[in-house]
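Examining the three-dimensional arrangement
Chain by chain, the residues:
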Amino acid sequence: MSNYTPAMIAKLQAAAPLNLAVAKDLAADFGLPYRSVIAKAKHLKLDYVVTAKAAKQIRSSKADIVDAIAKAVSVDPSDLDGLALAKASALNNLLMNIS
């Protein structure tokens, strides 16, 4: 037995092409999970547009942060050897507060 009535299928077809936002709106109307709506749309061979994932941010290494701190306070980076053992978040906070 299908969870989808002919009226629901007609609403799906009228909303094509679907994307995540449309699927979530329809799912809320239908009282079903949005993944079910996406699966049904694909089963009906309706267009579904996948949104691109956000690119990952490139993190600076702790050594780069220590070098930036050394430059900000005009010190030789070798004088701050132990600083690289600190947490990256603490190093970033230190750099932001001295810059």
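As the structure is a prediction and not an experimental result, all values here were calculated from the model.

A few words now on the overall build of the chain. The helix and strand tally for the chain stands at five helices and zero strands. When the helices and strands of the chain are read in sequence order from the N terminus, they spell out α-α-α-α-α. Its C-alpha atoms give the chain a radius of gyration of 26 Å, more than 25% over the compact-globule value 13 Å for 99 residues. Taking the principal axes of its C-alpha atoms as reference, the chain extends roughly 75 × 20 × 20 Å. Within the chain, residue pairs in contact and separated by at least 24 positions form 49% of the contacts whose partners lie at least 6 positions apart. Charged side chains of the chain number 12 positive and 8 negative; the gap between the two group centres comes to 17 Å.

Looking now at a nonpolar patch on the surface. Nonpolar side chains collect at one region of the surface, where Val 73, Val 75, Leu 94 and Ile 98 lie side by side and expose about 250 Å² of accessible area between them. Along the chain, Val 73 turns up in the loop between helix H4 (62-72) and helix H5 (88-98).

For the rest of this paragraph, the subject is the nonpolar core. Judged by nonpolar contacts, the single largest core of 14 residues is most densely connected at Tyr 4, Leu 12, Leu 18, Leu 26, Phe 30 and Val 37. Taken together, the elements giving at least two residues each to this core come down to helix H1 (6-15), helix H2 (20-30) and helix H3 (34-43). Considering every element that reaches this core, the biggest residue donor is H2, with four residues. Contacts of Leu 18, omitting those with residues within four sequence positions, involve Leu 12, Leu 26, Ala 41, Asp 47, Tyr 48 and Val 49. Within the second largest apolar cluster, five residues are counted, among which are Val 66, Ile 69, Leu 91 and Leu 95.

Considering all chains together, one arrives at one aromatic pair under this definition. Plain terms: the ring middles of Tyr 4 and Phe 30 are 6.2 Å apart, the flat faces sit at 90 degrees to each other, and that makes the pair edge-to-face. Note that Tyr 4 is positioned in the segment before H1 and Phe 30 in helix H2, a separation of 26 residues in sequence. Since its relative accessible area comes to 10%, Tyr 4 is described here as buried. The cationic tip of Lys 24 hangs over the ring face of Tyr 34; the distance from NZ or CZ to the ring centre is 5.1 Å.

So, on to the pattern of salt bridges. What the rule picks out here adds up to one salt bridge. Note that Lys 11 and Asp 29 form a salt bridge whose closest N and O atoms lie 3.3 Å from each other. Of this pair, Lys 11 sits in helix H1 while Asp 29 sits in helix H2, and the two are 18 residues apart along the sequence.

Scoring rules and cut-offs
Counting restarts for each chain: residues are numbered from 1 in the order of the written sequence. The predicted origin of the model limits local features to residues at a pLDDT of at least 70 and limits the giving and counting of side-chain atom pairs to 80 or more, whereas totals for whole chains, interfaces and linings rest on all residues. For the side-chain quantities, the full set of heavy atoms in the structure was used; hydrogens and water were omitted. Helical segments are the DSSP runs of H or I of at least four residues, strand segments are the runs of E of at least two, and each set is numbered from the N terminus. Computation of the radius of gyration draws on C-alpha atoms alone. For the globule rule, the value is 2.2 Å times the number of residues to the power 0.38. Contact definition: two residues touch when any of their heavy atoms are within 4.5 Å. Positive charge is attributed to Lys and Arg, negative charge to Asp and Glu, and no charge count is given to His or to the chain ends. Taken as the charge centre is NZ of Lys, CZ of Arg, CG of Asp or CD of Glu, depending on the residue. A patch consists of residues whose relative accessible area exceeds 30% and which take part in no salt bridge; residues with like charges are grouped when within 9 Å of each other, and nonpolar side chains (Val, Leu, Ile, Met, Phe, Trp, Tyr) when within 5 Å. Accessibility throughout is a Shrake-Rupley quantity obtained with a 1.4 Å probe, and a residue counts as covered only by protein chains that appear here. When a carboxyl oxygen of Asp or Glu is within 4 Å of a side-chain nitrogen of Lys or Arg, the pair counts as a salt bridge. We define a nonpolar core as any set of buried Ala, Val, Leu, Ile, Met, Phe, Trp, Tyr and Cys residues linked to one another through side-chain atoms lying within 4.5 Å. Exposure categories follow from relative accessible area, calculated using a 1.4 Å probe and restricted to protein chains: below 20% of the type maximum is buried, above 50% is exposed, and the middle band is partly exposed. The aromatic pairing rule takes the rings of Phe, Tyr and Trp, using the six-membered ring of Trp, and pairs them if the centres are within 6.5 Å, calling planes under 30 degrees apart stacked, those over 60 edge-to-face and the rest tilted. Throughout this description, the term charge over a ring refers to an Arg CZ or Lys NZ atom that lies within 6 Å of the ring centre and within 35 degrees of the ring normal.

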